[in-house]
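# Coordinate analysis (summary)
Okay, here's what each chain looks like letter by letter:
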Amino acid sequence: KDDLPRLEESLHALIPLGPFRYNISGKALYLEDSLTVAKATDAKLKRLGLQMDHAFSIQQALQLLDNHMYELIMTDIVLQDNETGIEFIQQLRADHRFAQTPILAVTSLESVNRRIQALQSGANDYISKPVLDEELFARINNLISATRLVEQLTRERQRLLELATKDHLTGLYNRHFLTELAKRRFVDANRQRSALATLVLDVDHFKQINDQYGHQTGDRVLKRIASALQAQCSEDEYIARFGGEEFVVLLTGCTLNAASEKARQLCKTLQQLQPEGISTSVSIGVTCLSATQDEYFDEVFARADKALYQAKQQGRNQVVT
Ligand code: GH3
Ligand code: MG
Ligand code: MG
Ligand code: MG
Ligand code: MG
């Protein structure tokens, strides 16, 4: 062990590479029971642009992890008090908070088994002692770059998912999303003979609002109506903007009576809302899946739409079941 610094020096002399430029910042955590090794590593990481926090024990490391964000976790394998870096890696990988954090195991040159165990436990990479600066920097850079790429792709995927499933104006689900969801929910409800209700809402005389106050005000009215609907519905009561000023609510496990009651509440709330100071109301058609025969979304939706038409015919601002 005492020979390590000399071995490191002689290995460095063998490497003809000059310093390579990396674009790294942030913090690293290093679990290491030797203060000397930790201090030397701290100095190396500073050159790379990484600040390092040092922990002697797993408990200390976990405490630091509770309170700080780290770009990288490094761990020694053989620790004090019979602890091992392997256990630490296993604990990290069992915690969803650190699912994306790259882990670099620092292993001794000869312990092939431990190195494999570290990788099997979820370490992303390892480096052998004596640690060579340029090798360490290259491995850290690769780990952090790969993680940043995954994070960027995850954000991008989330953004595309929003674009594909949400309505741009109101932030409610779009027609495509609700239709696909409803198809699946109807198949399930038919199989389980469970209740499933559909509400179709249409804003009354919305064209007049546009004509009188302008299209932009009309847009704000729609947004206000959408957020009022959202406020009245739970997360499992899916609301979509189906068309211009038409909304659909899918109520899983909801009977016709409960759905009608819900529709009456929504109708009343929206009549009292006065978005942009404008008196508005909605008409609502309510239907429920037949309790005795299989039915699919298209049929049930068509019946709800008919009920909505009837609500319009009967004078609007009302619910027809
Ligand atoms: P009814 O009570 O019979 O439903 O009358 P209505 O005027 O609401 O019905 P109609 O279907 O004739 O008009 C709907 C209007 O909604 C026409 C259209 O210009 C308007 N509209 C549709 N989408 C949007 C939108 O995104 N923003 C705005 N401001 N208006 C929209
Ligand atoms: Mg050690
Ligand atoms: Mg209409
Ligand atoms: Mg309308
Ligand atoms: Mg309409």
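Conventions used here
Residues numbered from 1 in each chain as written. Chains lettered and ligands numbered in written order. Predicted model: local features only at pLDDT ≥ 70, side-chain atom pairs only at ≥ 80, totals over all residues. UniProt positions renumbered as here; feature names shortened; annotations may be inferred. Axes fitted to C-alpha atoms, helices over the stretch in contact; angles between N-to-C directions. Helix = DSSP H or I, 4+ residues; strand = E, 2+ residues; numbered from the N terminus. Parallel < 35°, antiparallel > 145°, perpendicular 65-115°, else oblique. Contact = placed C-beta atoms within 7 Å. Nonpolar A, V, L, I, M, F, W, Y, C, P; charged D, E, K, R; others polar. Pairing = 2+ DSSP bridges. Near = placed C-beta within 6 Å. Buried ≥ 20, exposed ≤ 12 C-beta atoms within 10 Å, placed from the backbone. Expected span 1.5 Å × (residues − 1). Arc of directions from axis to C-beta.

Looking at an unreviewed UniProt entry, the chain carries the name diguanylate cyclase, with the source organism given as Rheinheimera muenzenbergensis. Entered under Catalytic activity (unreviewed entry) in the UniProt record, the comment concerning the chain runs "2 GTP = 3',3'-c-di-GMP + 2 diphosphate".

To continue, consider the packing of helix H8 (residues 206-213) against helix H9 (residues 215-232). The contact between H8 and H9 brings their axes to 7 Å, and the two run at 135°. Taken as axis vectors, H8 and H9 run oblique relative to one another. In this structure, H8 uses Phe 206, Ile 209, Asn 210 and Tyr 213 to contact H9, whose residues at the interface are His 215, Thr 217, Gly 218 and Val 221. For the contact of H8 with H9, the residue count by class is four nonpolar, four polar and no charged.

The next point concerns the sheet that holds strand E1 (residues 27-31). Read across the sheet, five strands follow the order E2-E1-E3-E4-E5 without closing on themselves; strand pairing throughout is parallel. This sheet does not close on itself; its edge strands, each paired only once, are strand E2 (51-55) and strand E5 (125-129). Across the sheet, the mean angle separating the axes of adjacent strands is 25° when strand polarity is ignored. Of the strand pairs in this sheet, strand E4 (residues 103-108) and E5 are connected by five bridges, and their pairing is parallel. Among the inter-strand pairings, Thr 107 is bridged to a residue of E5, identified as Ser 128. Relative to E5, helix H6 (residues 133-165) is tilted by about 170°, and along the sheet it contacts strand E3 (72-76), E4 and E5.

As a further point, take the site of ligand 1. Ligand 1 sits among 16 residues. The nearest are Asp 204, Phe 206, Lys 207, Gly 218 and Gly 244. Every element with two or more residues in the shell around ligand 1 is listed here: strand E7 (196-203), H8 and H9. Here the shell around ligand 1 takes four residues from H9, the largest share from any one element. Looking at the shell around ligand 1, its residues break down into four nonpolar, five polar and seven charged.

This chain's UniProt record puts "modified residue: 4-aspartylphosphate" (unreviewed entry) on Asp 76. Checked against the element boundaries, Asp 76 lands in strand E3. Asp 76 sits in the buried class, given 24 other C-beta atoms within 10 Å. Excluding residues that lie within four positions of it along the chain, Asp 76 makes contacts with Leu 31, Glu 32, Asp 33, Gly 85 and Val 106.

Looking along the chain, the bond that leaves Lys 129 and enters Pro 130 is cis, with omega of 0°. For Glu 276, which is not glycine, the phi torsion reads 60° and is therefore positive. Positionally, Glu 276 belongs in the loop between helix H10 (256-273) and strand E10 (282-288). For Asn 317, which is not glycine, the phi dihedral falls at a positive 50°. Position of Asn 317 among the secondary structure elements: in the loop between helix H11 (297-313) and strand E11 (319-320).

Turning to H9, a few remarks are in order. Given a rise of 1.5 Å per residue, 18 residues ought to cover 26 Å, and the 26 Å separating the end C-alpha atoms of H9 matches this to within 8%. All of the buried residues along H9 are Gly 218, Val 221, Leu 222, Ile 225, Ala 226 and Leu 229. All buried residues of H9 project into a common sector of 135° when viewed along the axis, lining one side. Exposed positions of H9 whose direction lies more than 90 degrees from the buried face are Gln 216 and Ala 231. Considering only its buried residues, H9 is in contact with E7, H8, strand E8 (237-243), strand E9 (246-252) and H10.

Residue position: Ser 234 is located in the loop between H9 and E8. Owing to 8 C-beta atoms within 10 Å, Ser 234 belongs among the exposed residues under this scheme. Residues Ser 234 and Leu 251, spaced 17 residues apart in sequence, show a C-alpha to C-alpha distance of 9.8 Å.

Looking now at the sheet that holds E9. An order of E6-E8-E9-E7-E10-E11 is seen for the six strands of this open sheet, with the pairing classed as mixed. This sheet does not close on itself; its edge strands, each paired only once, are strand E6 (173-174) and E11. Bridge count for E8 against E9 is six bridges, and the pairing is antiparallel. Following the sheet pairing, Gly 243 is matched in E9 by Glu 246. Seen against the sheet, H10 touches E7, E9, E10 and E11 and runs at an angle of roughly 170° to E10.

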